[in-house]
Amino acid sequence: MSRTPRLPSALLRAAACTGLAALTLTACGSGSGTDTAGSGSGSVKVGLITKTDTNPFFVKMKEGAEKAAKADGVQLMTAAGKFDGDNAGQVTAIENMVAAGVKGILITPSDSKAIVPAIEKAKAKGVLVIALDTPTEPESAVDALFATDNLKAGELIGEYAKAAMKGKTAKIAALDLAPGVSVGVQRHNGFLKGFGATDKDVACAQDTGGDQAKGQTAMENCLQKEPGINVVYTINEPAALGAYTALKAKGREKDVLIVSVDGGCTGTQAVKDGKIAATSQQYPLKMAAEGVKAVVTYAKDGKKASGYTDTGVTLITDKAQDGVTSKDTAFGLENCWG
């Protein structure tokens, strides 16, 4: 797999939250309110709505959008759900941004289906809507999607886990995201496809919300149900680290293979430290930067971005397996986020 260029990581933070008459604002970085950032003095406004404002993935996504907005001289408005799954907060953010006159909205949907009516209303008012990271259901509900190929990300760690097991009988635990979230479904299905398994081969499946504490609880529950689990698929690296904590408490951390998706700096370091065997690294800064540029293009000449743009994924591990393309943690740490 070709090397993914390292993306700039300088933090571009807004000096203050600026009120807009059409919006009900909250303090910078809080809940589902809408904040204003960037130094653009022009009339073009771009909205970014993430699932939360605390997950390092979305923090990095916001940084990418801020940097791109500053470079293009546009105004960036940002909002986030109070928690992963806060569809109502995202709906409010869309309505606020449309009222404020944004030209385009970039969104990571908390609920891929429930957000669609709000997106359709925004598009009907001439707003370009681009999904980042998580596709809507249907995917055609937005004008374009800039995201990791999450099915491929899952396949990579599934292929890796299969090769690493070297013919041993696998007892699989799947620490998933939540029902109705397409990114979780795609990663789960991709893992099974890469491993050559089906849901019938999964000894225990638990939802974690991508949270470390919930990941630990889920792993504890799975160990009670099936003590012989030896392969753990996790939706993301916080869930993987929760699983590792539970396994370590049982003295099982060295004989259970954990694989994950994200490629954040903490998770990549965990691969280097041997806590996670492998992870599929994605690039949130690139998603947001390309999204902002697409809105700027639309504002300038009316050309709409369309279809799906794959922003890349790389398998990261220090224990390479024959037949599975990967990069080591030196590459991973050079290109990580968070």
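Below: a short report on this structure. The structure displayed is predicted, hence computed values, not measured ones. (Residues numbered from 1 in each chain as written. Predicted model: local features only at pLDDT ≥ 70, side-chain atom pairs only at ≥ 80, totals over all residues. Heavy atoms only, no water.)

Description of the state of the cysteines
Short version of the rule: The term disulfide is used for any two cysteine sulfur atoms that are within 2.5 Å. Comment: elements are numbered from the N terminus, with helices defined as DSSP H or I runs of at least four residues and strands as E runs of at least two. When accessible area is computed with a 1.4 Å probe and restricted to protein chains, residues below 20% of their type maximum are described as buried, those above 50% as exposed, and intermediate ones as partly exposed.
This model, assessed by the stated rule, comprises two disulfides. Note that Cys204 is cross-linked by a disulfide to Cys222, the S-S spacing being 2.1 Å. With the S-S bond torsion at -75 degrees, the cross-link from Cys204 to Cys222 turns out left-handed. Taken as a pair, Cys204 in strand E8 (residues 202-207) and Cys222 in helix H6 (residues 212-225) lie far apart in primary sequence, 18 residues in all. The disulfide partner of Cys265 is Cys336, and the gap between their sulfur atoms is 2.0 Å. The sign of the S-S torsion, about 90 degrees, decides the handedness of the disulfide formed by Cys265 and Cys336: right-handed. Here Cys265 is found in helix H8 (residues 265-272), whereas its partner Cys336 is found in the segment after helix H10 (329-334), with 71 residues between them in sequence. The buried category is assigned to Cys336, whose relative accessible area is 12%.

Quick notes on the pairing of strand E3 (residues 75-80)
Our working definition: At least two DSSP bridges between two strands are required for those strands to pair. By convention, orient the strands away from the viewer: a clockwise path from the first strand over the helix to the second makes the crossover right-handed.
Among the six residues that make up E3, six are buried, leaving the element largely enclosed by the rest of the structure. Relative to E3, strand E2 (residues 45-50) runs parallel, the two sharing six bridges. Paired with Lys45 across the strands is Gln75, a residue of E3. Assessed by its sense of winding, the connection that carries the chain from E2 through helix H1 (residues 56-72) to E3 is right-handed.

Digging into the sheet that holds strand E13 (residues 314-316)
By way of backbone hydrogen bonds, the strands of a sheet pair with one another, either parallel or antiparallel. Put simply, the rule reads: Axis lines are fitted to C-alpha atoms, over the contacting stretch for helices. Their N-to-C directions set the angle, which ranges from 0 to 180 degrees. The contact definition used throughout considers only heavy atoms, calling two residues in contact when any of these lie within 4.5 Å.
Pairing is mixed in the open sheet, where six strands are placed in the order E8-E7-E9-E10-E11-E13. What marks the edges here is a single partner per strand, and that holds for E8 and E13. Pairs of neighbouring strands in the sheet enclose a mean axial angle of 15 degrees, with direction left out of account. In this structure, strand E7 (residues 172-176) lies alongside E8, joined through five bridges in parallel fashion. Paired with Asp176 across the strands is Asp207, a residue of E8. Sheet strands touched by helix H4 (residues 150-165): strand E9 (231-234), strand E10 (257-262), strand E11 (278-281) and E13. Its angle to E10, the strand with the most contacts, is close to 165 degrees.

Quick word on H4
What counts is decided by this rule: In a helix, the anticipated span is given by 1.5 Å times the number of residues less one. Polar contact is the term for a pair of N or O atoms within 3.5 Å; when the atoms are in protein, one must be able to donate a hydrogen and the other to accept it, and sequence-neighboring residues count only if both atoms are side-chain atoms.
Taking 1.5 Å as the rise per residue, H4 with 16 residues should run 22 Å; its terminal C-alpha atoms sit 23 Å apart, in good agreement. The set of residues buried in H4 consists of Asn150, Ala153, Gly154, Glu155, Leu156, Ile157, Gly158, Tyr160, Ala161 and Met165. Buried positions along H4 lie against helix H5 (182-195), E9, E10, E11 and E13. The residue sitting at the N-terminus of H4 and contributing the capping side-chain oxygen is Asp149; that oxygen lies 3.3 Å from the backbone nitrogen of Leu151. Looking at the residues trailing H4, positive phi occurs at Lys166, about 50 degrees.

Considerations on the environment of Ala173
Structurally, Ala173 can be placed in strand E7. Since its relative accessible area comes to 0%, Ala173 is described here as buried. Distance in space between the C-alpha atoms of Ala173 and Ala243 is 10.0 Å, their sequence separation being 70 residues. The residues contacting Ala173, other than those within four sequence positions of it, are Cys204, Met219, Cys222, Ile229, Val231, Val232 and Tyr233.

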